[in-house]
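Observations on the three-dimensional arrangement
Below, each chain spelled out in residue letters.
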Amino acid sequence: MPGFLRTAVFITVFCFLCLFAEAGKNYDCSSPDGNLAFSISVYQNSLVYRVRFKNKVLLNNSPLSLLFKEGSFAGNIKITKSELSEGEEVYDLVVGKTKHVNDRYKQLLLSIQQIQVPYLELTIAIRVFNKGLAFQYRIPDWPNQSSFTLLQENTEFNIAGNPLVRSLFFPNYTSSHEGRYNKTFLNNIPKDTLLDLPALLEFQDTMFMAITEAALTDYAGMYLSRQNNSNRLVSKLSPWPS
């Protein structure tokens, strides 16, 4: 269906590390206090992003792309427009030590376009708060397209170091999302294991990072999987049972 692809991946940071790499022009967005920074660029006609906290590496070059039946956004894109702004989320908590929340953020909107036919476009929205960040893919109404078919989401998290991971581990997509949390180092996670969200990563010096998702509407839930015995966690969307 046309409109927004309403999904978001939230990186919630309790205390953590990260940084940059060489690519094309960097488009940067930092938290209001300047400690947490998100940087994105185009490398070999694909999007890659980095995250840092107080100039320490958390996520190295991590690809972002979507594969549609109508066309791919990997190896085939350019950034046509960028827009920085600031805002504040105001809401009440149902439970917790604080009832009323005023959470300031800085936002980066990037317009992405394919450099080859059919020249499809999308927008990536990034919001960086003092204690976390989120990014979201937004799909506009495409010309001559009444709908679209998403074949694969290729969001990656290229983790710096070998943190201790706490998550539910599953052998397949048929799960209740319940069980005892596994605790092991990233490099010890077996091949073809699915990590349920949220996943908590503990770095050295008592630093923690959580990866989760939110605001899903008409969109598949996401798992993570370790890629080729590396430190890269790759998104795996839950498929239809068939």
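Residues numbered from 1 in each chain as written. Predicted model: local features only at pLDDT ≥ 70, side-chain atom pairs only at ≥ 80, totals over all residues. Heavy atoms only, no water.

1. Things to note about the pairing of strand β18 (residues 199–203)
Residues Ala199, Leu201 and Phe203 line the buried face of β18, whereas the alternating positions Leu200 and Glu202 sit on a face that is not buried. Judged from the 3 bridges that link them, strand β14 (residues 164–167) and β18 form a sheet pairing that is antiparallel. Looking across to β18, one finds that arginine 166 is bridged to leucine 200. Sheet topology note: the β18/strand β19 (residues 207–214) ladder contains 5 bridges and is antiparallel. Opposite leucine 200, over in β19, you have alanine 210 as the bridge partner. The turn linking β18 back onto β19 is made up of 3 residues, and aspartate 205 within it adopts a positive phi angle of 60°. (Buried < 20%, exposed > 50% of the residue type's maximum accessible area, 1.4 Å probe, protein only. Helix = DSSP H or I, 4+ residues; strand = E, 2+ residues; numbered from the N terminus. Pairing = 2+ DSSP bridges.)

2. Some thoughts on the pattern of salt bridges
Throughout the structure, instances matching the rule amount to 3 salt bridges. In this structure, glutamate 89 engages arginine 127 in a salt bridge whose closest nitrogen and oxygen atoms are separated by 3.1 Å. On the criterion of sequence distance, the pair formed by glutamate 89 in strand β8 (residues 77–92) and arginine 127 in strand β10 (residues 121–129) is long-range, its members being 38 residues apart. Assessed through its relative accessible area of 27%, glutamate 89 is described here as partly exposed. Classification of arginine 127 as partly exposed rests on a relative accessible area of 25%. With a shortest N-O distance of 2.8 Å, glutamate 202 and arginine 166 are connected by a salt bridge. Taken together, the residues span a long stretch of sequence, with glutamate 202 in strand β18 and arginine 166 in strand β14 at a distance of 36 residues. Residue class for glutamate 202 comes out partly exposed when judged on its relative accessible area of 22%. (Salt bridge = Lys/Arg side-chain N within 4 Å of Asp/Glu carboxyl O.)

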